[in-house]
Structure formats: structure tokens, C-alpha cells
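# Chain and residue survey
Now for the letters of each chain:
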Amino acid sequence: MLRTPRLLSSILLAALAGLALFPLFGSPFYVELVAKIMILAIFAMSLDLLVGFTGLVSFGHAAYFGIAAYAVVLLAPEYERASLWLTLPASVLVAAASAFVIGFFVLRTKGIYFIMVTLAFAQMVYFVFHDTDLGGGSDGVYLSGKPEAKIGDLVLFDLESGVQFYYFVLVLLVLVYLFLRRVLGSPLGRALMGIKANEHRMLSLGFPVFRYKLASFTIAGALGGLAGYLSAVQFGFVNPEILSWHQSGNVLLTVILGGMGTLYGPIVGAFAFVLLQEFFADLTKHWQLLMGAVIVLLVLFFPGGLASLGER
């Protein structure tokens, strides 16, 4: 499952080269748009670890995205730029800890009950930030400035620059992809695939299934938090809508559109989802209808998502 055919590897390397060269030719608007897509790709890969490889369909994954986004805003000084080295690991750690605690409870359910309980917890987190002053209520909160990447007085790179932020996101996208490949190629990853295929057989073989699923849930939450951190830094604004079930639904559609059970599928799905959304929004204000029709047709004729086109 984890071996990448030579032709596909060549395509992925060519795509990476194209992304690396894109800021040299693209306008600032499109550089920002592609950075936004790559953040969504990280978010989608984190969910694919749950849905595509562990067999856990979560409808509350936006909770960890939003928790990390709020964490960077709340950790940052009010009128100063925060430290990247402090806020990035702290935000990811908060998201991972939240996923661990929530996963400890929700993973005791299965099937439709698991889906509904993940949604319920996500809505609880949503209303914590929506109905209290902690997250600024429905108005949200602003980030005074993008975090600084400094060692002493030496500035390694400046996230205020759109191009430098783009490359920072691109590096993290590649690192997340390689990290997940390593995880899925390890005994942990093999066990997760076994749980998805036949959980009862894994239990009968003596595997601690609950612990493996909790590890997967926590890793996915941490990576979802990384995407939330990057989104908050890019736009400098966070509101409760990023924790809503709409956000969880969008990232799940992204995974389905690209292809579950592949790491490159969610990346393809992120580009397809955002670009189709932009294209349809220019055509009509009812762009959701066209987007829904495309996804329905894709599921009917290409149930493996866009990633299956290459295999075919």
C-alpha cells in the first residue's frame, strides 16, 4: 500500500518542483491562494490518517484545527509579534492534548455513534469559543502580527513576506507527507491498517486496538492543529466558524475528492476542491450546487477519488 510506482513518484516530484517555482511566476494573490491550498492539504492528510488508514470517520476534526488557531492568538503578546519557536510547538501540543482527551472517550464508540460523538465534542468546543470571551465570541480575535523566526537578533526568515510564508508552508507540507509515510510504514501503521481491515481479528491476535486507535487519533489531531496554526498565521484572524461542522465536512469532502487511503490523494483533493470552488463562485452565487454535483458524479464513477485516475 505504501509503495509509490515510479511514474507516480516522477509526477509527485514534478508537482513539487512546480510548487517550488510557482512564486517566481505567480502574482501575490495566487501565491497566497496556493499557500491556503497547501494548508488545507496538511489538514486533509491528517484526517486521511483516521479515515483512510484507521477506518475512523470523524466529523469533528475541525475542533483541533480551531483549537490550535486560537492557541496561537491567545499565546501571542497583544501588541508584539510572538516567537515562532514558542507558539508553533505549543499550539500543536495543545491540539494533540485535546485530541488525546477527546479520543479517550469517543473511541469507546463505533460506527455511526462514533461519528455523532465526534461531532458533539466539536460542537462543544465551538460553543466554548462562540459563547465566551475567551475567543472573542462570534466576532473572533485578531493576531497582532505573524510570529518571528529569530535566533537571538538573527532573523532566519520573515513570515510577513508572502513568498517566505509560502515556502515555509511548502516545507511543512513535505515534512508532514514524509512523516506520515514513515508512520504508515512502521509497525504502528501496519497495525492501523489491520484495524481498519478487521478490528476483531486484531483483537484476537492480542493487539491493544484501543491504544493504537488513540495514537492515530492524537497524531491526526496534532497535524490538524498544525494546519490550524498556519491558517491563523496566514490570515491573522480567527473566529468560531473554523471549528464548525461545516469545516469538518469540507475537509472530509476534500479527502473523498482526492482519494482516501493515499497520502497524495488529499493533496490533489485540496487543490481540486479550492480551485473548483473559486471557478464555480465566479460563475454563479449558487456554486455549492455545482460543487455538490461534481462530488456526487465523482463518487459514482470514480469511488477511489481523483487518485484512482492515475491507477486506472
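Right, let's walk through the structure included here. (Residues numbered from 1 in each chain as written. Predicted model: local features only at pLDDT ≥ 70, side-chain atom pairs only at ≥ 80, totals over all residues. Heavy atoms only, no water.)

Before going further, it helps to spend a moment on the pattern of salt bridges. One pass over the full model with this rule turns up four salt bridges. As a salt-bridge pair, R81 and D158 come within 3.1 Å of each other at their nearest N and O atoms. With a gap of 77 residues between them, R81 in the loop between helix 3 (62–75) and helix 4 (84–106) and D158 in strand 3 (residues 154–158) connect regions that are remote in the sequence. Taking the shortest distance from any N to any O, the salt bridge between E160 and R81 comes out at 4.0 Å. Highlighted residues: E160 in the loop between strand 3 and helix 6 (162–184) and R81 in the loop between helix 3 and helix 4, separated in sequence by 79 residues. The partly exposed category is assigned to E160, whose relative accessible area is 40%. Look at R81 and you get partly exposed, because its relative accessible area is 29%. Among the charged side chains, a network of salt bridges with common partners joins R81, D158 and E160. (Salt bridge = Lys/Arg side-chain N within 4 Å of Asp/Glu carboxyl O. Helix = DSSP H or I, 4+ residues; strand = E, 2+ residues; numbered from the N terminus. Buried < 20%, exposed > 50% of the residue type's maximum accessible area, 1.4 Å probe, protein only.)

Another point: empty space enclosed by the protein. Applying the stated criterion across every chain, the model contains one cavity of 30 Å³ or more. Of the volumes computed, that of the largest cavity is approximately 30 Å³. Taken together, S58, G60, A63, Y64, I102, T118, F121 and A122 make up the lining of the largest cavity. Elements supplying a minimum of two residues to the lining of the largest cavity: helix 3 and helix 5 (112–130). Counting residues per element, the lining of the largest cavity draws most heavily on helix 5, at three residues. In terms of residue class, the lining of the largest cavity is built from five nonpolar, three polar and no charged. (1 Å grid on protein atoms, 1.4 Å probe; cavity = no way out; pocket = protein on both sides within 12 Å on 5 of 7 lines; lining within 4 Å. Points joined across faces, edges and corners; volume = space filled by probe spheres on them. Nonpolar A, V, L, I, M, F, W, Y, C, P; charged D, E, K, R; others polar.)

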